[in-house]
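Below are the chains, spelled out letter by letter.
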Amino acid sequence: MTILSKQYVKLPIIKSHLKRTTQILAVNPTIAPLRKEASEIHIYVYDFNAAGLKEYELKNVQECFGFHESETISWINIDGLRKDDVEEICKHFNIHTLIMEDILSVGQRPKMDEMENLLFCLLYMLYYNEESNCVEQEQISIVLGKNFVISFQEEAQKDVFHPVREKLRVAGSKLRQGTADYLCYSLIDMIVDNYYLVLEKLGEKIEILEEDIIRYGNTRSLGQINSLRKELIVLKRNFAPVRELVNGFIRSESDLLEERTTKYFKDVYDHIVQANDLVENYRDMMMSLQDLYLNKVNLRMNEVMKVMAIVTCLMAPPTIIGGIFGMNFDIIPLSHQQTGFYFVVAAMVFIPAIMILIFKKRGWF
């Protein structure tokens, strides 16, 4: 319990709540977004089969054209998007114009399409930023063709495909023995598996927040509740369409997908369904935490009102006694006696003391 409290102290408060809300909700697909072109691109090619693997780092997109008709399996990974380069590589690999527009789009909904003997899917890689306490997303487009897979990423700094590369470097690995559709499955599976890392981070934040609300329940907790609910919206927006995307691969009758690969996509489908259920559970927990916070505030208010009510009741008898003996009448009992003052003061103390005993016996405090 102490560890949770120490971790909570380190959590920064997100001040730009309104700005974050705008980033999450202000998406208009009818307006053509302006994508800032990358200053430079990085092209990595992994050309492999069961016998061996060759890795290339290319300087321009023209150098990867030779892998189009290769007999081996080629994974062309492009980090950084520039319109001219994307158009050139799409033209050479016979990628439809609509797919090219989706690759260059911003804020596109995750989806899967099948056009001209190519399978295309667009989804997001998610990362949790510890500094800003928010979920960051990077759009990635994957094109599956005969003996090749092309992946388009927005940034070169972030990537979840390192385990895939390591498997490719292992001789005799299942990935090296597989076909292009199995490579495509591996990339999507790695993206979905990374979703669970983000979920774990948010789960930790929710656990810490719950502990804080039980202990303190201040306005900082309410700010954290609102921030986490916004991040769950980001996850929900990404998880639900990916389920449809993977289901598209399962139902596809394309010749690019082997029957034995379908069962692997079913496994990914199970994972994304489970991830979506976890998001729903987290959303329910956030609603419960909000109710817990409100109950905590009401309970604190009730405690304050109870104390004030008890003090008011205890002060009522002395006030009445003082008011009676303060009236301007000559005939008031004990008013002209030498011990009258002491009797009045004793009554002012004795009556509240009796009231305290009665209140305590009845369990009012």
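*Asks:* Quick question: what am I supposed to make of the sheet that holds strand E2 (residues 53–58) here?
*Replies:* Hydrogen bonds along the backbone pair up the strands of a sheet, which may run parallel or antiparallel. A sheet is described by the order of its strands in space; here 7 strands give the open sequence E2-E1-E3-E7-E6-E5-E4, paired in mixed fashion. Each of the sheet's edge strands pairs with one partner strand only, and the pair in question is E2 and strand E4 (111–115). Neighbour-to-neighbour, the strand axes of this sheet turn through a mean angle of 20°, independent of strand direction. Each of strand E1 (42–48), strand E3 (73–79), strand E5 (118–129), strand E6 (134–145) and strand E7 (148–153) touches helix H7 (residues 180–215); the most contacted strand, E5, lies at about 25° to it.

*Asks:* Any chance you could explain the environment of Glu 114 here in plain terms?
*Replies:* If you trace the backbone, Glu 114 turns up in strand E4. Considered as a pair, Glu 114 and Phe 67 are 47 residues apart in the sequence and their alpha carbons are 21 Å apart. If we skip the residues at most four places from it in the chain, Glu 114 touches Leu 119, Ser 252 and Ser 254. A polar side-chain atom of Glu 114 sits 3.2 Å from a polar atom in the side chain of Ser 252.

*Asks:* Is there a simple way to think about the nonpolar core in this case?
*Replies:* Ile 150, Ile 188, Leu 235 and Phe 249 are the most contacted members of the largest nonpolar core, which totals 91 residues. When residues of this core are assigned to their parent elements, the largest contribution, 18 residues, is made by H7. Excluding anything up to four places from it in sequence, Phe 249 contacts Met 112, Leu 119, Cys 121, Cys 184, Ile 188, Leu 257 and Phe 265.

*Asks:* Just to check I follow, could you spell out unusual backbone geometry for this structure?
*Replies:* Most peptide bonds are trans, and most residues other than glycine sit at a negative phi. A positive phi angle, near 60°, is found at Asn 117, a position not held by glycine. As for its position among the elements, Asn 117 is in the loop between E4 and E5. One non-glycine residue, Asn 133, adopts positive backbone phi at about 55°. Relative to the helices and strands, Asn 133 resides in the loop between E5 and E6. On the basis of relative accessibility, which here comes to 5%, the residue Asn 133 falls in the buried class.

*Asks:* What exactly am I supposed to notice about a negative patch on the surface here?
*Replies:* Together, Glu 200, Glu 204, Glu 207 and Glu 210 make up a region of like negative charge exposed at the surface. Relative to the assigned elements, Glu 204 resides in helix H7. According to the relative accessible area criterion, Glu 204 is partly exposed, its value standing at 43%.

*Asks:* Looking at this structure, how should I read the packing of helix H9 (residues 259–325) against helix H10 (residues 340–361)?
*Replies:* Relative orientation of the contacting elements H9 and H10 amounts to 155°, with a least axis distance of 9 Å. As far as their axial angle goes, H10 and H9 are roughly antiparallel. The chirality of how H9 crosses H10 is right-handed. Here H9 contributes Ile 310, Cys 313, Leu 314, Pro 317, Pro 318, Ile 321, Gly 322 and Phe 325 to the contact with H10, which in turn contributes Val 344, Ala 347, Met 348, Ile 351, Pro 352, Met 355, Ile 356 and Phe 359. Class assignment for the residues of the contact of H9 with H10 results in 15 nonpolar, 1 polar and no charged.

*Asks:* Looking at this structure, how should I read H9?
*Replies:* Along an α-helix, residues three or four positions apart point the same way, because every turn accommodates 3.6 residues. Helix length check: H9, at 67 residues, gives a terminal C-alpha distance of 100 Å against a target of 99 Å (1.5 Å per residue), a fit within 8%. Largest kink in H9: about 30°, centred on Ala 316, with the proline Pro 317 one to four residues after it.

*Asks:* What is the right way to read the pairing of E3 from this model?
*Replies:* Moving residue by residue along a regular strand, the side chains alternate between the two faces of the sheet. Most of E3 sits out of view: 7 of its 7 residues are buried. Here E1 pairs with E3 via 7 bridges, running antiparallel. Its bridge partner being in E3, Tyr 46 is matched across the sheet by Trp 75. In this structure, E3 lies alongside E7, joined through 6 bridges in parallel fashion.

*Asks:* For this particular structure, what's the right way to read the side chain of Ser 141?
*Replies:* Structurally, the position occupied by Ser 141 is in strand E6. Among all residues touching Ser 141, those that are not within four sequence positions of it are Ile 103, Phe 120, Cys 121, Leu 122, Ile 150, Ser 151 and Phe 152.

*Asks:* Got a minute to help me understand the pattern of salt bridges in this structure?
*Replies:* Between side chains of opposite charge, pairing is possible as soon as their charged atoms come close. What the rule picks out here adds up to 15 salt bridges. One salt bridge connects Glu 244 with Arg 109, and the closest N-O pair in it is separated by 3.4 Å. In this pair, Glu 244 sits in helix H8 (residues 219–251) while Arg 109 sits in the loop between helix H4 (97–104) and E4, placing the two residues 135 residues apart along the sequence. Exposure remark for Arg 109: the relative accessible area of 45% places this residue in the partly exposed category. We note a salt bridge from Arg 215 to Glu 211, for which the minimum N-O separation is 2.6 Å.

*Asks:* Would you mind showing me how to read H7 here?
*Replies:* Spanning 36 residues, H7 covers 54 Å between terminal C-alpha atoms, matching the ideal 52 Å at 1.5 Å per step. When you tally the buried positions in H7, you get 27 out of 36 residues, the bulk of the element. In the stretch just after H7, Gly 217 is the one whose phi turns positive, near 65°.

*Asks:* Even after reading the chapter, I still don't get the confidence of the model for the protein chain, so can you show me in this structure?
*Replies:* On average, residues of the protein chain score 85 in pLDDT, and 91% of them reach the 70 mark or higher. At the level of individual helices and strands, the protein chain shows its lowest average pLDDT in helix H1 (residues 2–9), which scores 37, and its highest in E7, which scores 94. Residue range residues 1–15 is modelled with pLDDT below 50. Its contacts to residues more than four positions away, or to other chains, number 26 contacts.

*Asks:* Any chance you could explain the side chain of Ser 252 here in plain terms?
*Replies:* Locating Ser 252 in the fold gives a position in the loop between H8 and H9. Ignoring anything within four residues of it in the chain, the contact list for Ser 252 reads Met 112, Glu 114, Leu 119 and Leu 257.

Conventions we followed
- Residues numbered from 1 in each chain as written.
- Predicted model: local features only at pLDDT ≥ 70, side-chain atom pairs only at ≥ 80, totals over all residues.
- Heavy atoms only, no water.
- Pairing = 2+ DSSP bridges.
- Helix = DSSP H or I, 4+ residues; strand = E, 2+ residues; numbered from the N terminus.
- Axes fitted to C-alpha atoms, helices over the stretch in contact; angles between N-to-C directions.
- Contact = heavy atoms within 4.5 Å.
- Polar contact = N/O pair within 3.5 Å; in protein donor to acceptor, adjacent residues only side chain to side chain.
- Core = buried A, V, L, I, M, F, W, Y, C linked by side-chain atoms within 4.5 Å.
- Buried < 20%, exposed > 50% of the residue type's maximum accessible area, 1.4 Å probe, protein only.
- Patch = residues over 30% accessible without salt bridge, like charges linked within 9 Å, V, L, I, M, F, W, Y side chains within 5 Å.
- Areas by Shrake-Rupley, 256 points an atom, 1.4 Å probe, with all protein chains shown as cover.
- Salt bridge = Lys/Arg side-chain N within 4 Å of Asp/Glu carboxyl O.
- Lys, Arg positive; Asp, Glu negative; His and termini not counted.
- Charge placed at Lys NZ, Arg CZ, Asp CG, Glu CD.
- Parallel < 35°, antiparallel > 145°, perpendicular 65-115°, else oblique.
- Left-handed = near helix turned anticlockwise from the far one by under 90°.
- Nonpolar A, V, L, I, M, F, W, Y, C, P; charged D, E, K, R; others polar.
- Expected span 1.5 Å × (residues − 1).
- Bend = angle between axes of the 7 residues up to and from the residue.
- pLDDT = per-residue confidence, 0-100.

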